[in-house]
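Each chain, written out:
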Amino acid sequence: MKRFIITEDGSHSLFSAQFNQQYHSLQGALSESEHIYINLGLRPALENGPVSVFEMGFGTGLNAFLAWKLADQLQKQVFYTSVEAYPVSPLEASQLNYEEATGEKGFMQLHNAEWGKEVTISPFFNLRKQITTLQDFTPDRFFDIIFYDAFDPRAQPELWTAEIFTKIAALTKPGGVLVTYSSKGIVKRALAAGGFKVERHKGPGRKTHVLKAIKL
Ligand SMILES: C[S@@+](CC[C@H](N)C(=O)[O-])C[C@H]1O[C@@H](n2cnc3c(N)ncnc32)[C@H](O)[C@@H]1O
C-alpha cells in the first residue's frame with residue numbers, strides 16, 4: 001500500500017505503509033534528488049565521458065528521470081541500471097507530478113520500459129531495471145556511480161551493513177563514487193569497512209550532511 005505525499009518544494013513522493021517510510025525527504029523530493037544524486041554524484045562524473053550508474057531502489061523513478069534529462073542536456077552517454085524489489089505500478093507513477101515539477105517530458109517512458117531488458121530511452125540514456133532485491137542481484141558489469149537510495153537504516157538495517165557495502169564496492173570501479181542521503185555513523189562505518197573513503201557534504205535544505213564515498 002502506497003500513499004501520495006506533497007513535499008515542501010511542491011514535488012510529490014510516496015509513503016510505504018509496508019516499511020513505514022517515505023520515498024524522499026519531506027523537505028523536497030526534487031530538491032533532494034537534484035542535490036545528492038545529480039549534482040554531487042552524476043554531474044561531476046559526466047565531465048569524464050560516458051557514465052554507468054547503479055541505483056539501489058528505482059522507486060518513483062525520479063532519480064532516473066533527472067539522470068536522463070541531464071544526459072540529454074549535456075549530450076553525454078549514461079547507462080543506468082536500477083534494482084527494485086517492490087515496484088511502483090505504472091498507474092501509481094502516472095499520478096506523480098515530476099513532469100510539471102521539472103518542466104521535462106517523457107516520465108512514463110521510464111515506468112513503461114520493460115523490466116529485465118536494456119532499453120534505449122534516448123540517444124544518450126539507456127535504462128535497465130531489474131525486479132530483484134539488492135541482496136539477490138548479480139552484477140554483470142562495473143559502475144562509475146552508485147545512487148544508494150535505500151529506505152532509512154532504522155527501517156531496513158540489513159541494507160546498510162559492511163557486508164552490503166562490500167558487495168557494492170565489488171561492483172564499483174576503483175575511484176568510482178557512491179552518494180547517499182544518510183550520514184549516520186553506522187552508515188559511515190559500514191561504508192569504510194566495505195572499502196570506501198567517506199566524505200561528508202552539505203545536504204539539501206535544512207539537512208546538515210549527506211555522504212559521498214569514493215571506492216579505494
Ligand atoms: C527511498 S526509496 C527509493 C527512491 C527512489 N530512488 C526514487 O527516486 O523514487 C527505497 C526503494 O527501495 C526499494 N527496496 C526496499 N527493499 C529493497 C531490497 N531489498 N532490494 C531492492 N529494493 C528494495 C523500495 O521498494 C523503494 O522503492
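Not measured: the values here are computed from a predicted model.

J.: With reference to specific residues and values, describe the overall build of the protein.
T.: For the protein, the helix and strand inventory stands at 7 helices and 11 strands. The C-alpha radius of gyration computed for the protein amounts to 16 Å, which stays within 12% of the reference 17 Å derived for 216 residues, consistent with globular compactness. Put simply, the protein has 216 residues, and 53% of those count as buried. Counting only contacts in the protein whose residues sit at least 6 apart along the sequence, the fraction spanning at least 24 positions is 65%.

J.: A description of the site of the ligand should follow, citing residues and the corresponding values.
T.: Every one of the 22 residues lining the ligand counts as a neighbour, but Gly57, Thr60, Glu84, Leu134 and Asp149 are closest to it. Between the ligand and threonine 60, the relevant distance is 2.5 Å, taken from an oxygen atom to a side-chain nitrogen or oxygen of the residue. With respect to the ligand, the side chain of glutamine 135 contributes an N or O atom lying 3.0 Å from a nitrogen atom. For the ligand, the accessible surface in isolation is 600 Å², of which the surrounding protein chains cover 98%. In this structure the site holding the ligand corresponds to the largest pocket. For the shell around the ligand, the elements supplying multiple residues, two or more each, are strand E4 (51-56) and helix H2 (62-74).

J.: So what's going on with the sheet that holds strand E1 (residues 2-6)? Which residues, and what values?
T.: Taking strand neighbours across the sheet as the criterion, the 3 strands line up as E1-E2-E3 in an open arrangement whose pairing is antiparallel. Only two strands of the sheet have a single partner each, and these edge strands are E1 and strand E3 (21-22). The pairing of strand E2 (residues 12-16) with E3 spans 2 bridges and is antiparallel. The partner of phenylalanine 15 across the bridge, within E3, is glutamine 22.

J.: Go over the side chain of aspartate 149 with me, naming the residues and quoting the values.
T.: Along the chain, the position of aspartate 149 falls in the loop between strand E8 (143-148) and helix H6 (162-170). In this structure aspartate 149 is buried but unpaired, with lysine 207 as the nearest side chain of opposite charge at 10 Å. Non-local contacts of aspartate 149, meaning those with residues more than four positions away in its chain, are made with Tyr37, Met56, Gly57, Asn63 and Tyr181.

J.: Tell me about the layout of surface pockets, residues and numbers included.
T.: In this structure, the largest pocket encloses a volume near 760 Å³. When contributions to the lining of the largest pocket are tallied by element, the ones reaching two or more residues are E3, E4, H2 and strand E5 (78-84). Put simply, the second largest pocket is a space of about 180 Å³. In this structure, the second largest pocket is lined by Glu34, Ile38, Asn39, Arg43, Leu66, Lys69, Leu70, Gln73, Thr102 and Glu104. Mapped by element, the contributors of at least two residues to the lining of the second largest pocket are helix H1 (29-46) and H2. For the lining of the second largest pocket, the per-class residue count stands at 3 nonpolar, 3 polar and 4 charged.

J.: So what's going on with the packing of aromatic side chains? Which residues, and what values?
T.: For the coordinates displayed, the defined rule picks out 17 aromatic pairs. Ring centres of tyrosine 23 and phenylalanine 151 lie 5.2 Å apart, and the angle between their planes is 85°; on these two criteria the pair is classed as edge-to-face. Of this pair, tyrosine 23 sits in the loop between E3 and H1 while phenylalanine 151 is found in the loop between E8 and H6, placing the two residues 128 residues apart along the sequence. Relative accessible area serves as the criterion here: at 15%, phenylalanine 151 is assigned to the buried category. Each member of the aromatic cluster is reached from another via a ring pair, and the members are Tyr37, Phe65, Trp68, Tyr80, Tyr98, Phe107, Phe125 and Phe147. Seen from the ring of tryptophan 68, lysine 69 lies directly overhead, with NZ or CZ sitting 3.7 Å from the centre. Over the ring of tryptophan 115 we find lysine 129, and its NZ or CZ is 4.2 Å from the ring centre.

J.: Before we move on, could you go through the packing of H1 against H2 and cite the residues and values that matter?
T.: One can describe the packing of H1 onto H2 by two numbers: an axis separation of 10 Å at closest approach and a directional angle of 45°. Relative to H2, H1 is oriented oblique. Crossing geometry of H1 relative to H2 is assigned as right-handed. Facing H1, whose interface residues are Ala29, Leu30, Ser33, Glu34, Tyr37, Ile38, Leu42, Arg43 and Leu46, H2 presents Leu62, Asn63, Leu66, Ala67, Leu70 and Leu74. For the contact of H1 with H2, the per-class residue count stands at 11 nonpolar, 2 polar and 2 charged.

Rules behind the numbers
Residues numbered from 1 in each chain as written. Predicted model: local features only at pLDDT ≥ 70, side-chain atom pairs only at ≥ 80, totals over all residues. Heavy atoms only, no water. Helix = DSSP H or I, 4+ residues; strand = E, 2+ residues; numbered from the N terminus. Rg over C-alpha atoms; globule rule 2.2 N^0.38 Å. Buried < 20%, exposed > 50% of the residue type's maximum accessible area, 1.4 Å probe, protein only. Contact = heavy atoms within 4.5 Å. Near = heavy atom within 4 Å. Polar contact = N/O pair within 3.5 Å; in protein donor to acceptor, adjacent residues only side chain to side chain. Areas by Shrake-Rupley, 256 points an atom, 1.4 Å probe, with all protein chains shown as cover. 1 Å grid on protein atoms, 1.4 Å probe; cavity = no way out; pocket = protein on both sides within 12 Å on 5 of 7 lines; lining within 4 Å. Sits in = over half its atoms within 2 Å of the grid points. Pairing = 2+ DSSP bridges. Lys, Arg positive; Asp, Glu negative; His and termini not counted. Salt bridge = Lys/Arg side-chain N within 4 Å of Asp/Glu carboxyl O. Points joined across faces, edges and corners; volume = space filled by probe spheres on them. Nonpolar A, V, L, I, M, F, W, Y, C, P; charged D, E, K, R; others polar. Phe/Tyr/Trp six-rings, centres within 6.5 Å; stacked < 30°, edge-to-face > 60°. Lys NZ or Arg CZ within 6 Å of the ring centre and 35° of its normal. Axes fitted to C-alpha atoms, helices over the stretch in contact; angles between N-to-C directions. Parallel < 35°, antiparallel > 145°, perpendicular 65-115°, else oblique. Left-handed = near helix turned anticlockwise from the far one by under 90°.

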